[in-house]
Amino acid sequence: MLVAAPPKDIDTSIAAKTLTGEWYKGHVFWDTEVFILPFFIFTQPEIARNLLLYRYRRLKQAREGARAQGYKGTLWPWESAAGGRDETPQTWVNFDGTIIPVYNSAREHHIVGDVVYGISLYHRATSDEAFMLQYGAEMVFEAARFWVSRVTYNPEKDSYEVKKVIGPNEFQECVNNNSYTNALARWTLKYAVELYSHFQNNHPRKLKVITKKMGLKPEEVTDWKEIADKIVFLILTNGLIEEFEGYFQKREVTIREWDNNGLPVWPDEVSLAEAKNTQLVKQADVILLLQLFSNEFSTSTKEINYKYYALRTTHKSSLSLSSYAIVALELGEAERADKYFKQAVKTDFSDIYGNTELGVHAAALGGVWQIIGYGFAGIKIKDGILKLRPALPENWKRLNFRLWFKQALIEFDISRNVTEAFIVKDKILRRKGIELEIYDQKHTLYSGEKITVEER
Ligand code: IFM
């Protein structure tokens, strides 16, 4: 990832294969914001900022992309290159040699929420208000406008639906109300409302400049809230989330065998072409949602969904194992998480997908970092506070790393049941301290002081 990232701002991003191969023609996908960006946000925030600027500088094309499909706001392309227009191929040679249409640009619209997720994580981790005022807010507000135009009102149910989409599980090429997409749409709208009122209270003059530039009316913000509250989210009373409308009615096929790499063995009775008629899932979908919005779902919801979807997810994409590892760790499934972790590490080292020669899987690299950071170190940001709840693998003695949080570089030294933290560098002079929560204990970290926290 370090080699792939331009060290200074040369207006580019990181491709799905980094600079290691020509597959996907060097195109940038959602892989960047959801899987790769967190590493840069916490280790080199200025590079993360540049990666987000890549999207900002292509807002004009993304707006045109939305218009071309009949929507408002911004629709960043499913596959993006230098020009910022949609570069997704419109046809593809299928595994049986036939030419098939590619629907991703027209339907895999969760990309809009994914970019906003990246922006919000950057904002939460860095508190870079200047970035948000100059670039971030405009992208978020345009994304909210997109979802307003993308939803359909269902008068019978007094709810909003998102129809005809492809979710992360690309076995399904046209579904209604994919839970991942709907949840991202709902969250984007809520986040846009929060950001708007945050700026109204803290930077009213600058907000005026933004709204004037965008022609944004206060009534639009009222709509965002109303729509967000009414977007369909398919969850049963026991917490089981339906991946999309009708998913539970699909033929029930589960994984029964795992290979030497610990990857699921494809069930004999189903051909790849038939996967769409079954409950088999290509890559983390509901589980990715639970990982990204971990603070919003209870342990029991995570548990029931993890158990259900682990038996149905084939991990046919490298954007999958990390979410499973992180959620498994949250649920105390250390052994299982360690397996996912090792498989993720081996993605290209052992060529587990058989296509490393076409380029390495950047999302898996980012995913490995996320398993270590979010999983083993248990990093989370909640209510503006950095939390750590370490759970090292059994044979690990120590985990030492530095990360940037709110413009301070903090070093963490985690050993079994004890974590030390100190500020290595602080860009904010005379700060009153940084609030941390380690093993559920609150502490304030001051420059020049080391704290040692024991797990109770
Ligand atoms: O973005 C991914 C997608 O989720 C699965 N197929 C490969 C793409 C590029 O890595």
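Because the structure is a prediction, the values reported are computed rather than measured.

**Q** So what's going on with the pattern of salt bridges? Residues and values would help.
**A** Per the counting criterion, the structure on display carries 29 salt bridges. Measuring nitrogen to oxygen at the nearest pair gives 3.5 Å for the salt bridge that ties Lys163 to Glu161. A relative accessible area of 34% places Lys163 in the partly exposed class. Exposure remark for Glu161: the relative accessible area of 7% places this residue in the buried category.

**Q** Explain helix 11 (residues 299–310) to me, using residue names and the numbers behind them.
**A** Over its twelve residues, helix 11 runs 16 Å from end to end, which matches the ideal 16 Å to within 8%, given 1.5 Å per residue. Thr301, Lys302, Asn305, Tyr306, Tyr308, Tyr309 and Ala310 are the residues of helix 11 that are buried.

**Q** Please give an account of the site of the ligand that cites residues and values.
**A** In the neighbourhood of the ligand, the contacting residues comprise Ala16, Tyr24, Phe29, Trp30, Asp31, Trp78, Glu170, Lys282, Gln283, Ser317 and Leu319. Between the ligand and Asp31 there is a distance of 2.5 Å, counted from an oxygen atom to a side-chain nitrogen or oxygen. Contacts to the ligand include Gln283, whose side-chain N or O atom sits 3.1 Å from an oxygen atom. Its free accessible area being 280 Å², the ligand has 89% of it covered by the protein chains. When its residues are assigned to classes, the shell around the ligand shows six nonpolar, two polar and three charged.

**Q** Could you give an account of the sheet that holds strand 10 (residues 434–438), naming the residues involved and the relevant values?
**A** Read across the sheet, four strands follow the order 5-6-10-11 without closing on themselves; strand pairing throughout is mixed. Every interior strand has two partners, whereas the edge strands, strand 5 (380–382) and strand 11 (441–445), have only one. Neighbouring strand axes in the sheet, compared pairwise and without regard to direction, differ in orientation by 35° on average.

**Q** Can you lay out the pairing of strand 6 (residues 385–388) for me, pointing to particular residues and giving the numbers?
**A** Because side chains alternate across strand 6, one face comprises the buried residues Ile385 and Lys387, and the other comprises Leu386 and Leu388, equally buried. When strand 5 meets strand 6, the two strands line up antiparallel, connected through three bridges. Residue pairing across strands places Lys382 opposite Ile385, the latter belonging to strand 6. In the sheet, strand 6 pairs with strand 10 via three bridges, with the strands oriented parallel. Across the sheet, Leu386 pairs through a bridge with Leu436, a residue of strand 10.

What counts, and where the lines are drawn
Each chain carries its own residue numbering, running from 1 in the written order of its sequence. The model is predicted, so local features are restricted to residues of pLDDT at least 70 and side-chain atom pairs to those at 80 or more, both for listing and for counting; the totals for chains, interfaces and linings are taken over all residues. No hydrogens and no water enter the side-chain calculation; it runs on all heavy atoms of the structure. By convention in these notes, a salt bridge is any Lys or Arg side-chain nitrogen within 4 Å of a carboxyl oxygen on Asp or Glu. Any residue under 20% of the maximum accessible area for its type is buried, any over 50% is exposed, and the rest in between are partly exposed; the area is computed with a 1.4 Å probe on protein chains only. We count a stretch as a helix when DSSP gives it H or I for four or more residues in a row; a strand needs E for two or more, and each element gets its number in order from the N terminus. Here the expected length of a helix is defined as 1.5 Å per residue gap, with one fewer gap than residues. Summary of the distance rule: residues count as near a molecule or strand when at least one heavy atom falls within 4 Å of that molecule or strand. Two N or O atoms count as a polar contact when they lie within 3.5 Å, although within protein this holds only if one can serve as hydrogen donor and the other as acceptor, and sequence-adjacent residues are included solely when both atoms are side-chain atoms. For the area figures, the Shrake-Rupley method with a 1.4 Å probe applies, and any residue is considered shielded solely by the protein chains shown. Polar here means any residue other than Ala, Val, Leu, Ile, Met, Phe, Trp, Tyr, Cys and Pro, which are nonpolar, and Asp, Glu, Lys and Arg, which are charged; Gly is therefore polar. Here the rule is simple: two strands pair whenever DSSP picks up at least two bridges between them. Axis lines are fitted to C-alpha atoms, over the contacting stretch for helices. Their N-to-C directions set the angle, which ranges from 0 to 180 degrees.

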